[in-house]
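Each chain, written out:
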Amino acid sequence: MLRLPAYAQFEITDVCNLRCKHCYHFDTEQMPQSEDLKDDQTIKVVEKLIEAQIYSLTITGGEPLCRFDLTSKVVQIAKKAGLFVSVNSNLLLLKNTMIDRFLAYGLDSFLVSCPATDPDVYRLVTRCGNYFYFEDKLNLLIKSGISCLVNMVVTQNNFHLVRRTAKDLSKMGVKRFSATPAGLNVEYPDIQNLLTAQQINILLEDLRWCSEELGLSVDMLVPLPKCFLPTWCWEGEYAFMRRACQAGRTSVIVSNIGEVRPCPHNPISYGNILNESFEKIWEKMAIYRDVDNGVVPLICRHCPSLPSCNGSCRTNSLATTGRLDQPERFTVGHIPFKRKSKETVITEDSIITVSGLLKWRKELNGRYSICLSHQRSNLMIINEELFRFICWLENSSKVSVKDLVNITSKASSYQSLMEVLKTLTTRRFIVIEDGLKGGGENVEDI
């Protein structure tokens, strides 16, 4: 139902100062010569993304700080347009002057790559990186107050260091940590360095330990098949449980030469944003959004957890089977568990408020997409009636359930109104005070 993607990543350059073995984009043994767009072409790409009314933009690479002046200009333009903007970086080129400019332009966050806090393993994985230099740069970033998530891509080389890395980062002041199993580079696969199913289960236990023992907010930046996850994952409130494959469904990536792909790991281009209509390119990606005739594996199409999984990573399937519509290598094929929703109790005295500043866009077939300014990944597609109701709630600031019932009694039944309020509470679009006994999970977070 989306007329265009809601989220975009932009590979502002393919130049990188490291040569990580797990790189999904290049054969880092033989890095190609850069073919980056010129500055004015890069700005044109950003303008097209802004025209599409995307909600958030992630600037990635290569290493974006290799083209800092251009990266900072893109941040400035995108923030002025009201987008949520983040930068993916290994930080090794970061300077205080860069931080000052990012702060001035209102950059929202950094996604920081750190394969290990062991200096020898850090150099082994990156081939040319100095961990102590990285540590200095991370300290600069933490001191600046810019939000950051540190991501550890996990392979056979650093699998044994997840807890140590998380502990060291926590001591430095890091609050958010993700440990992400490496996926295959489709064009240059390195199968021997992938984690096994048993190791991924251990990695999940490591993340639970990081949450419980270190107090870190933990995540895993690729979706795993929901049917693969152990029982305790279903019983907890972990960010990785809300991850689903959104490639070509809600998000795209634009390369350093303007080619539009479903995700960073997927090498298939569906057109060049500088030469073709963005709408036409998006239409070519319809197979990612078609459950019955698209890339969702047959075994997954009738699974109750499909909306929160989407068959898991489609590019992993492409890399291992040569097809986008085949099951991921860890797919079990059925859901052994069901998540328990916390009860939302609403009384006449309950007070309703919208959780934050509402962002919205008109979509196809009279629908609207909505999210909140501080939760851009919490996307919901709704009809016009519900859209107008939420806008009314936002403009009303605070309203009691009793008053709301009196106002809306002619338009809808009491029961249907309660169902709507419970759904909006579960999806974290509204807060119900006093009557709220528990919240729910947003299964569509990215």
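Going by the structure above, here's the rest.
Predicted model only: the values in this text are computed from it and were never measured.

A. View of helix α1 (residues 39–51). Its 13 residues give α1 an end-to-end C-alpha distance of 18 Å, which sits within 8% of 18 Å, the value for a rise of 1.5 Å per residue. Inspection of α1 places Thr 42, Ile 43, Val 45, Val 46 and Leu 49 among the buried residues, and these make up the whole buried set. The arc that holds every buried residue of α1, seen down its axis, measures 150 degrees, which confines them to one face. Opposite the buried face of α1, at more than 90 degrees from it, the exposed residues are Asp 40 and Glu 51. Residues of α1 that are buried in the fold lie against β1 (7–11), β2 (56–60), α2 (68–80), β8 (251–254) and α9 (278–284).

B. Local environment of a negative patch on the surface. A cluster of acidic side chains, namely Glu 348, Asp 349, Glu 433 and Asp 434, defines a negative patch on the protein surface. For Asp 434, the location among the structural elements is in the segment after β15 (430–433). A relative accessible area of 65% means that Asp 434 is categorised as exposed.

C. Structural context of the packing of helix α3 (residues 96–105) against helix α5 (residues 131–144). Here α3 crosses α5 at 30 degrees, and the two axes come no closer than 11 Å. Put simply, α3 runs roughly parallel to α5. Two packed elements cross with a definite hand, and for α3 against α5 that hand is right-handed. Contacts between α3 and α5 involve Asn 96, Ile 99 and Leu 103 from the first element and Leu 140, Leu 141 and Ser 144 from the second. Tallied by class, residues from the contact of α3 with α5 come to four nonpolar, two polar and no charged.

D. Quick peek at the packing of helix α12 (residues 401–408) against helix α13 (residues 414–426). For the pair α12 and α13, interaxial distance at closest approach is 11 Å and the crossing angle is 130 degrees. Here α12 is positioned oblique relative to α13, judged by the angle of their axes. Every pair of crossing elements has a handedness; the one defined by α12 and α13 is right-handed. Seen from α12, the contacting residues are Val 401, Leu 404, Val 405 and Thr 408; seen from α13, they are Tyr 414, Leu 417, Met 418 and Leu 421. Here the residues of the contact of α12 with α13 sort into seven nonpolar, one polar and no charged.

E. Structural detail: the pairing of strand β12 (residues 368–372). In terms of burial, β12 is a largely internal element, five of the five residues being buried. Every second residue of β12 is oriented toward a common face, with Tyr 368, Ile 370 and Leu 372 on one face and Ser 369 and Cys 371 on the other, all of them buried. One ladder, built from five bridges, connects strand β11 (residues 358–362) with β12; its direction is antiparallel. By the bridge assignment, Lys 362 is partnered in β12 with Tyr 368. Where β12 and strand β13 (residues 375–382) come together, four bridges link them in antiparallel fashion. Note that in β13 the partner of Ser 369 across the bridge is Ile 381. Here β12 folds back onto β13 in antiparallel fashion, the turn holding two residues.

F. Representation of the pattern of salt bridges. Within this structure, the stated rule accounts for 14 salt bridges. The partner of Arg 388 in a salt bridge is Glu 384, and the shortest N-O contact between them spans 2.6 Å. Here Glu 384 and Arg 388 lie together in helix α11 (residues 384–396), a separation of four residues that amounts to about one turn. Under the relative-accessibility criterion, Glu 384 is labelled partly exposed at 33%.

G. Spatial organisation of unusual backbone geometry. For the bond from Gly 61 to Gly 62, the omega torsion is 15 degrees, close enough to zero to count as cis. Secondary-structure assignment places Gly 62 in the loop between β2 and α2. One non-glycine residue, Gln 53, lies in positive phi territory at about 60 degrees. Even without being a glycine, Arg 127 presents a positive backbone phi close to 70 degrees. Mapping Arg 127 onto the fold places it in the loop between α4 (119–126) and α5.

H. Seen up close, the sheet that holds strand β10 (residues 351–354). On the basis of which strands lie adjacent, the open sheet formed by three strands has the order β14-β10-β15 and antiparallel pairing. Where the open sheet ends on each side, the last strands, each with one partner, are β14 (399–400) and β15. In this sheet, β15 lies alongside β10 in antiparallel orientation, the contact comprising four bridges. Bridge assignment links Thr 353 to a residue of β15, and that residue is Val 431. Where α11 meets the sheet, its contacts fall on β10, β14 and β15, and the angle it forms with β10 comes to roughly 100 degrees.

I. Up close: the pairing of strand β4 (residues 109–113). Strand direction decides the pairing type here: strand β3 (residues 84–89) and β4, joined by four bridges, are parallel. Its bridge partner being in β4, Asn 88 is matched across the sheet by Leu 111. Of the pairings in the sheet, the one linking β4 to strand β5 (residues 147–154) comprises five bridges and is parallel in character. For Val 112, the partnering residue across the bridge sits in β5 and is Val 150.

Thresholds, definitions, all that
- Residues numbered from 1 in each chain as written.
- Predicted model: local features only at pLDDT ≥ 70, side-chain atom pairs only at ≥ 80, totals over all residues.
- Heavy atoms only, no water.
- Helix = DSSP H or I, 4+ residues; strand = E, 2+ residues; numbered from the N terminus.
- Expected span 1.5 Å × (residues − 1).
- Buried < 20%, exposed > 50% of the residue type's maximum accessible area, 1.4 Å probe, protein only.
- Arc of directions from axis to C-beta.
- Contact = heavy atoms within 4.5 Å.
- Patch = residues over 30% accessible without salt bridge, like charges linked within 9 Å, V, L, I, M, F, W, Y side chains within 5 Å.
- Areas by Shrake-Rupley, 256 points an atom, 1.4 Å probe, with all protein chains shown as cover.
- Salt bridge = Lys/Arg side-chain N within 4 Å of Asp/Glu carboxyl O.
- Lys, Arg positive; Asp, Glu negative; His and termini not counted.
- Charge placed at Lys NZ, Arg CZ, Asp CG, Glu CD.
- Axes fitted to C-alpha atoms, helices over the stretch in contact; angles between N-to-C directions.
- Parallel < 35°, antiparallel > 145°, perpendicular 65-115°, else oblique.
- Left-handed = near helix turned anticlockwise from the far one by under 90°.
- Nonpolar A, V, L, I, M, F, W, Y, C, P; charged D, E, K, R; others polar.
- Pairing = 2+ DSSP bridges.

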